[in-house]
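# Coordinate analysis (summary)
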Amino acid sequence: MSITNTPFTKQQLLPQEEKLEVARKKSDLFIGIPKEISHQERRICLTPDAVNSLTYHGHRVMIEAGAGLSSSYSDKEYTEAGAEVTKDTKKVFSCPMILKVEPATTAEIEMMNPKTILISAIQIKTCKKCYFEALAKKKITAIAFEYIKDEDGSYPAVKSLSEIAGTASILIAAELMITNDFGKGLLFGNITGVPPTDVVILGAGTVGEFAAKTAIGLGASVKVFDNSITKLRRLQNNLNQRIFTSTIQPKALLKALRRCDVAIGAMRGIDRCPIIVTETMVEHMKNGAVIVDVSIDTGGCFETSEVTSHEKPTFIKNNVLHYCVPNIPSRYSKTASLSISNIISPYLMHIADKGGIETAIRFDKGLKNGIYMYHGILTNSAIGDWFDLPNNDINLLVF
């Protein structure tokens, strides 16, 4: 009798029972939304409609009293949407998941329970090393919504807030040009028989594109400068019309700045925004011209720019009016809150449907990209390099 060589045992060769996939259990979220305490921050992560959608699906939302007032949302609206409203800040921070617009302070992290999930902005330029050390100590999993990637590889939160900042920059400039102590008394619109207002925009990204759209919509003459031909070409195509575009050449830029009534700074850099316009160039601008430096968040692209606040937004230098307020979207808090809520709420539903954050990041690479702290382990190399902190690749921890 011949013996057949086989890698399987006799038991393994017998018919086996069928194994069906076990249905993944949905997770019930318990979300805490504290009141923002950062200076000039008026936004909130979830609108009452988004809260209503979450509570309808069986999730709990706890909001600190007054958290939505600066975005024109009352506590009553949140209560009617199914949220629990409380004045106890510690109670809100004891929730398993915390939603914030600004990064949490070290005092706020102290109030959190270990292994809490924190979803907020990160704003690496304003963070300190002790912030990440405090997160690590509590073994917190932290997600930065500006790092979350969409299916097309873009960053939806950054893009959305850039759209607001670009549109707002022109509306702010139009407001500053009315007749007041320093305004020129110019109307932005292209009135019959009156030459249009000249606008120079530095940067052809999302901010520059929406600034150009708004300026053109108001009837202004627009010139856009950027060193990327690809960005300039994309902007032309998105505007559906031909406007003046140019690479950044000092002679051409100076000529445009001399003639313009408004200059918008919308440049971006890797670490710091590059200074494109020198103080000498600003000196050659018209008396009463307006500069709105949207890039001030990362240092500003005008040499004369200095950080201002929403309370005192402007200053005059070389007879030119400067508006250099960081976080322009916060000025339009309700619009910005709606925008953030529209981005975050689908991800919250996705996390719940997948059974929790662990499974969700396995299935969603874009959401995984947003994680910079996983159970207290830093997973973002850029943050690690910036603050000289040890870090690990998220893909080696979650796969």
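Everything numeric here is computed off the predicted structure, so don't read it as measured data.

### Thoughts on the overall build of the chain
Check the secondary structure of the chain and you find 16 helices and 15 strands. Here the C-alpha coordinates of the chain stretch approximately 105 × 60 × 45 Å along the principal axes. Counting every position in the chain, which comprises 399 residues, the buried fraction comes to 51%. Long-range pairs, those at least 24 residues apart, make up 65% of the contacts in the chain with a sequence separation of at least 6. With an accessible surface of roughly 20200 Å², the chain has 52% of that area assigned to carbon and sulfur atoms. Averaged over its 45 positive side-chain charges, the chain has a centre that lies 3 Å from the centre of its 42 negative ones.

### Here we look at the sheet that holds strand β14 (residues 371-374)
The strand order β3-β2-β1-β4-β5-β6-β14-β15 describes an open sheet built from eight strands, whose pairing is mixed. Single-partner strands in this sheet number two, and they are β3 (84-86) and β15 (377-378). Bridge count for strand β1 (residues 30-33) against strand β2 (residues 60-64) is four bridges, and the pairing is parallel. Residue pairing in the sheet places G32 in a bridge with M62 of β2. Relative to β14, helix α6 (residues 129-137) is tilted by about 45°, and along the sheet it contacts β5 (117-120), β6 (141-144), β14 and β15.

### Notes on the pairing of strand β13 (residues 320-323)
Alternating positions in β13 separate into two faces, V320 and H322 on one and L321 and Y323 on the other, with burial throughout. Of the pairings in the sheet, the one linking strand β11 (residues 290-293) to β13 comprises three bridges and is parallel in character. Bridge pairing in β13 links V290 to L321. Looking at chain direction, strand β12 (residues 314-317) and β13 are connected through four bridges and run antiparallel. From the neighbouring strand, I316 faces β13, where its bridge partner is L321.

### Quick notes on the domain arrangement of the chain
Much of the literature gives interface size as the accessible area that the parts lose upon coming together. The assigned domain composition of the chain is domain 1 (30-144 + 332-397) and domain 2 (162-331). Once you take the C-alpha centre of each, domain 1 and domain 2 turn out to be 33 Å apart. Between domain 1 and domain 2, the contact holds 13 residues from the first and 16 residues from the second. Viewed at the interface, domain 2 and domain 1 are joined by zero salt bridges. Summed over the shared surface of domain 1 and domain 2, the number is eight residue pairs in polar contact (both at pLDDT 80 or more). Looking at the side of domain 1 that touches domain 2, the element that brings in the most residues is helix α12 (residues 333-353), giving four residues. Taken together, the residues of the side of domain 1 that touches domain 2 break down into three nonpolar, five polar and five charged.

### Looking at the sheet that holds strand β10 (residues 262-265)
In spatial order, the strands read β9-β8-β7-β10-β11-β13-β12; together these seven strands make up an open sheet with mixed pairing. Edge strands, defined here as strands with exactly one partner in the open sheet, are β9 (244-246) and β12. Geometrically, the sheet is characterised by an average inter-axis angle of 20° between neighbouring strands, direction not taken into account. Across five bridges, strand β7 (residues 198-202) lies against strand β8 (residues 221-225) in parallel orientation.

### Comments concerning the pattern of salt bridges
Tallying each qualifying case throughout the model produces nine salt bridges. Note that E41 is salt-bridged to R43, the shortest N-O span being 2.8 Å. Each member of the pair, E41 together with R43, is buried. Note that R60 is salt-bridged to E84, the shortest N-O span being 2.9 Å. With R60 in strand β2 and E84 in strand β3, this residue pair connects regions lying 24 residues apart in the sequence. Residue class for R60 comes out partly exposed when judged on its relative accessible area of 41%.

### Quick notes on helix α10 (residues 250-259)
Within α10, the full set of buried residues consists of L253, A256 and L257. The buried residues of α10 occupy an angular sector of 100° when the element is viewed end-on, so they sit on one face. For α10, the elements touching its buried residues are β7, β8, β10 and α11 (279-283).

### Remarks on the packing of aromatic side chains
Under the criterion given, the structure shown has five aromatic pairs. With centroids separated by 5.1 Å and ring planes inclined at 80°, the aromatic side chains of Y131 and F132 adopt a geometry described as edge-to-face. Taken individually, Y131 and F132 each receive the classification buried, so the pair is uniform in this respect. Since its relative accessible area comes to 2%, F132 is described here as buried. Three or more aromatic residues link up through ring pairs in this structure, and these residues are Y131, F132, Y372 and F387.

Reading guide: rules and limits
Counting of residues starts from 1 at the beginning of each chain's written sequence and follows it residue by residue. Reporting of local features is limited, given that this is a predicted model, to residues whose pLDDT is at least 70; pairs of side-chain atoms are given and counted only at 80 or more, and all residues count toward the totals for whole chains, interfaces and linings. Excluded from the side-chain calculations are hydrogens and water; all other atoms, namely the structure's heavy atoms, are used. Put simply, DSSP H or I for four residues or longer makes a helix, DSSP E for two residues or longer makes a strand, and each gets a number counted from the N terminus. Residue burial is assigned from relative accessible area. The probe radius is 1.4 Å, only protein chains are included, and a residue is buried under 20% of its type maximum, exposed over 50%, and partly exposed in between. Any pair of residues with heavy atoms lying within 4.5 Å of one another is described as a contacting pair. Note that accessible areas follow from Shrake-Rupley with a 1.4 Å probe, and for residues the cover is restricted to the protein chains shown. Positive charges come from Lys and Arg alone, negative charges from Asp and Glu alone, with His and the N- and C-terminal ends not counted. Where a charge sits is defined by one atom per residue type, namely NZ (Lys), CZ (Arg), CG (Asp) or CD (Glu). Here, a strand pair is defined by DSSP locating no fewer than two bridges between the strands. Helix axes are fitted only over the stretch in contact, all axes being lines through C-alpha atoms; the angle between N-to-C directions runs from 0 to 180 degrees. Domain start and stop points were drawn from an automatic or database domain assignment. The salt bridge definition used is simple: a Lys or Arg side-chain nitrogen within 4 Å of an Asp or Glu carboxyl oxygen. Two N or O atoms form a polar contact when they lie within 3.5 Å of each other; inside protein one atom must be a possible hydrogen donor and the other a possible acceptor, and for residues adjacent in sequence the pair counts only when both atoms belong to side chains. Here the term charged refers only to Asp, Glu, Lys and Arg, the term nonpolar to Ala, Val, Leu, Ile, Met, Phe, Trp, Tyr, Cys and Pro, and the term polar to all other amino acids, Gly among them. For this quantity, the arc is that covered by the directions from the helix axis to the C-beta atoms. The pairing test for Phe, Tyr and Trp rings, Trp by its six-membered ring, is centres within 6.5 Å, and the orientation test on the planes gives stacked under 30 degrees, edge-to-face over 60, and tilted for anything in between.

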